[in-house]
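Next come the chains, spelled out residue by residue.
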Amino acid sequence: MSADAIIGLQWGDEGKGKIVDLLAREADYVVRYHGGNNAGHTVVLGKKKYFFRLIPSGVFHKNTHVIIGGGVVLDPEVLISEMDILESEGINLKKKLIISPRAHLILPYHKELDIAYEKARGKKKLGTTKRGIGPAYSDKVSYNGIRVYDLSDWKSFEQKFKFQAGVKNKILNAFGVKPININKSLNSLKKQRTRILPFIKDSFEILNDALAKRKKILFEGAHGIMLDLDWSPYPFATASNTVVGGLNTGAGLPPKSLNNVIGVLKAFTSRVGEGPLPTEIYGRLANAIRERGTEYGTTTGRPRRIGWLDLEAVRFSCAINNVNEIVITKLDILSGLIEIKICTGYRLNGKKVRYSECGYKELEKVKPVYKSFPGWIEDISAVRKFSNLPPECKNYLKFIKKFLGVKIKFVSVGAERNANIKIS
Ligand code: GDP
Ligand code: IMO
Ligand code: MG
């Protein structure tokens, strides 16, 4: 039994939801520990598709409990809509879901502020999901946040909300944006509070006890390492720590209790939002990969930018997180390409430069060094054995494994739970 983390090694949308659902089969707990509903994790079960934004993706397994940890920023409206969908599927969340009182709330003014800042940035916008993530975390850091904890005492919640909303309305006014209606918001929040209260419980003792009893805990990372608040080419980041260290603060797991760090790696690159993407490709090829891979944002529906696999960046992701196993996803999407490229390093002004040495201005200018691979024409989505893969495809996988020096746990060749190739 173990405590394992599943994290995205690129710019998000690597297929973490599928992998968490698959590996949660034997998990006692699945824990989200950072981020909020800027995440969109997809789980496909037969003909049905589920999108998880806050509730951990392991919720479908009978004996698995799911925890929304203290490091998460939680929009009550989104949480409740997710709860409604799951309850309509017959899932008894009362027996499964635990919400940490430490999580901070995303409140209506956070969303308005996110939208207002993006609009004011104009051409220099960051391309946020406009879900209020940055403003909610910045309130947390400046002691202006309101936590899930505060929902338990309505009178004091009301006071805090009125104070914060009053200040935020002044800022919205300065942006020339309509202020939020404080009483209307409070009415909605009062109803939402009633729904959420029964699920609030500090998760530290629960997880500590689970560790002592050697139960299996999975930590569900959101976004991707290249979006980490501190380790990304800031400001093209998300507002939480996506590196695995985020789970020590966000879920209260002692660092040495973590067993495996499983990195999810998409066989190519995608990114939603602005910011540098050294291996970006355009035109017909990018469109073809986007359409085949349905590379549109799970949360916002925006078309994802497409690029070749960037192993210079991924090498950094593996190193900073001590990744000891990777799962490669969406390999099936690359079928039919004549040539496939992998970036093995960057050059800047003729000199070798590492991903971690670059700020956003350098990353915009670096020239990727590519290794070219012959593609394969066969559809591999029905393949379940490594030995049955086309030789070109095996070569591609072998190169990734050798370059990163990390074991491939399995390869995913379809969105469904069982569309995987075990690598022995
Ligand atoms: P996440 O945010 O990392 O959970 O990823 P998303 O759910 O945002 O995006 C991944 C998309 O790819 C989803 O639509 C998945 O259903 C789908 N997907 C995951 N793994 C595979 C795979 O191996 N092959 C294909 N074709 N689709 C996949
Ligand atoms: P999952 O968990 C892809 C990106 C946004 C934007 C930047 C900042 O589904 O992989 P934010 O709203 O967080 O302030 O936006 O971060 N971003 C993601 N991109 N997948 C995600 O999550 C993302 N979460 C945030 O597009 O560029
Ligand atoms: Mg996603």
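Everything quoted here is computed from the prediction, not taken from an experiment.

Engineer: Before we move on, can you summarise the coordination of the magnesium ion (ligand 3) with the specific residues and values?
Structural biologist: Distances from the magnesium ion (ligand 3) to its protein donors, Asp-13 (OD) and Gly-40 (O), fall within 2.1 to 2.2 Å. Taken together, the residues span a long stretch of sequence, with Asp-13 in the loop between β1 (3-8) and α1 (16-23) and Gly-40 in the loop between β2 (29-32) and β3 (41-45) at a distance of 27 residues. Exposure remark for Gly-40: the relative accessible area of 11% places this residue in the buried category.

Engineer: Please provide a residue-by-residue account of the nonpolar core, values included.
Structural biologist: Judged by nonpolar contacts, the single largest core of 74 residues is most densely connected at Phe-219, Ile-326, Leu-331, Tyr-396 and Ile-400. Considering each element in turn, this core owes the most residues, six residues, to helix α12 (residues 391-404). Excluding residues within four positions of it along the chain, Phe-219 makes contact with Ala-3, Asp-4, Ala-5, Ile-6, Val-31, Tyr-33, Leu-207, Leu-247, Ala-251, Leu-253 and Leu-258. Grouped together as the second largest cluster of nonpolar side chains are 51 residues, Ala-27, Val-43, Leu-113 and Phe-161 included.

Engineer: Lay out the pattern of salt bridges with the relevant residues and their values.
Structural biologist: For the structure on display, the rule yields 22 salt bridges. Across the pair Asp-75 and Lys-111 runs a salt bridge, and its minimum N-O distance is 2.8 Å. Taken together, the residues Asp-75 in the loop between β6 (73-74) and α2 (76-88) and Lys-111 in helix α3 (residues 108-121) connect sequence positions 36 residues apart. By relative accessible area, Asp-75 is classed as buried at 2%. The buried category is assigned to Lys-111, whose relative accessible area is 19%. Asp-202 serves as the salt-bridge partner of Arg-102, at 2.9 Å between the closest nitrogen and oxygen. Taken together, the residues Arg-102 in the loop between β7 (97-99) and β8 (104-105) and Asp-202 in the loop between α6 (182-196) and α7 (204-212) connect sequence positions 100 residues apart. Taking the relative accessible area as the measure of exposure, Asp-202 reaches 27% and is therefore partly exposed. Residues joined in a network through salt bridges with shared partners are Asp-13, Lys-266, Glu-295, Arg-304 and Lys-330.

Engineer: So, the site of ligand 2: which residues are in play, and what are the values?
Structural biologist: By nearness alone, 20 residues border ligand 2, and Lys-16, His-41, Thr-129, His-223 and Thr-238 come closest of all. Within the side chain of Asn-38, an N or O atom sits 2.8 Å from an oxygen atom of ligand 2. Within the side chain of Thr-129, one N or O atom sits 2.5 Å away from an oxygen atom of ligand 2. Its free accessible area being 550 Å², ligand 2 has 97% of it covered by the protein chains. Grouping the amino acids of the shell around ligand 2 by side-chain chemistry returns seven nonpolar, 10 polar and three charged.

Engineer: I'd like a rundown of the packing of α3 against helix α5 (residues 154-174), residues and numbers included.
Structural biologist: Remark: α3 packs on α5, axes separated minimally by 10 Å, with the N-to-C direction vectors making an angle of 15 degrees. If you check the angle between α3 and α5, you find them roughly parallel. α5 is crossed by α3, and the crossing has left-handed handedness. Judged by residue contacts, Pro-108, Tyr-109, Glu-112, Leu-113 and Ala-116 of α3 engage Phe-161, Gln-164, Ala-165, Lys-168, Ile-171 and Leu-172 from α5. Classifying every residue of the contact of α3 with α5 gives eight nonpolar, one polar and two charged.

Engineer: Residue-level account of unusual backbone geometry, with values.
Structural biologist: Geometrically, the link from Tyr-234 to Pro-235 is a cis peptide bond, its omega value of 10 degrees lying close to zero. Mapping Pro-235 onto the fold places it in the loop between β9 (217-220) and α8 (246-251). The phi dihedral of Arg-214 falls on the positive side, at around 55 degrees, and the residue is not glycine. Position of Arg-214 relative to the elements: it lies in the loop between α7 and β9. A residue is classified by how much of its surface remains accessible, and Arg-214, at 57% relative accessible area, is exposed. Here the phi dihedral of His-223 falls at roughly 55 degrees; this positive angle occurs in a residue that is not glycine. Along the polypeptide, His-223 turns up in the loop between β9 and α8. Assessed through its relative accessible area of 7%, His-223 is described here as buried.

What counts and what doesn't
Residues numbered from 1 in each chain as written. Chains lettered and ligands numbered in written order. Predicted model: local features only at pLDDT ≥ 70, side-chain atom pairs only at ≥ 80, totals over all residues. Heavy atoms only, no water. Donors = N, O, S within 2.8 Å, 3.2 Å for Na, K, Ca; no water. Helix = DSSP H or I, 4+ residues; strand = E, 2+ residues; numbered from the N terminus. Buried < 20%, exposed > 50% of the residue type's maximum accessible area, 1.4 Å probe, protein only. Core = buried A, V, L, I, M, F, W, Y, C linked by side-chain atoms within 4.5 Å. Contact = heavy atoms within 4.5 Å. Salt bridge = Lys/Arg side-chain N within 4 Å of Asp/Glu carboxyl O. Near = heavy atom within 4 Å. Polar contact = N/O pair within 3.5 Å; in protein donor to acceptor, adjacent residues only side chain to side chain. Areas by Shrake-Rupley, 256 points an atom, 1.4 Å probe, with all protein chains shown as cover. Nonpolar A, V, L, I, M, F, W, Y, C, P; charged D, E, K, R; others polar. Axes fitted to C-alpha atoms, helices over the stretch in contact; angles between N-to-C directions. Parallel < 35°, antiparallel > 145°, perpendicular 65-115°, else oblique. Left-handed = near helix turned anticlockwise from the far one by under 90°.

Note that all results are geometric; they support no functional claim without further evidence.
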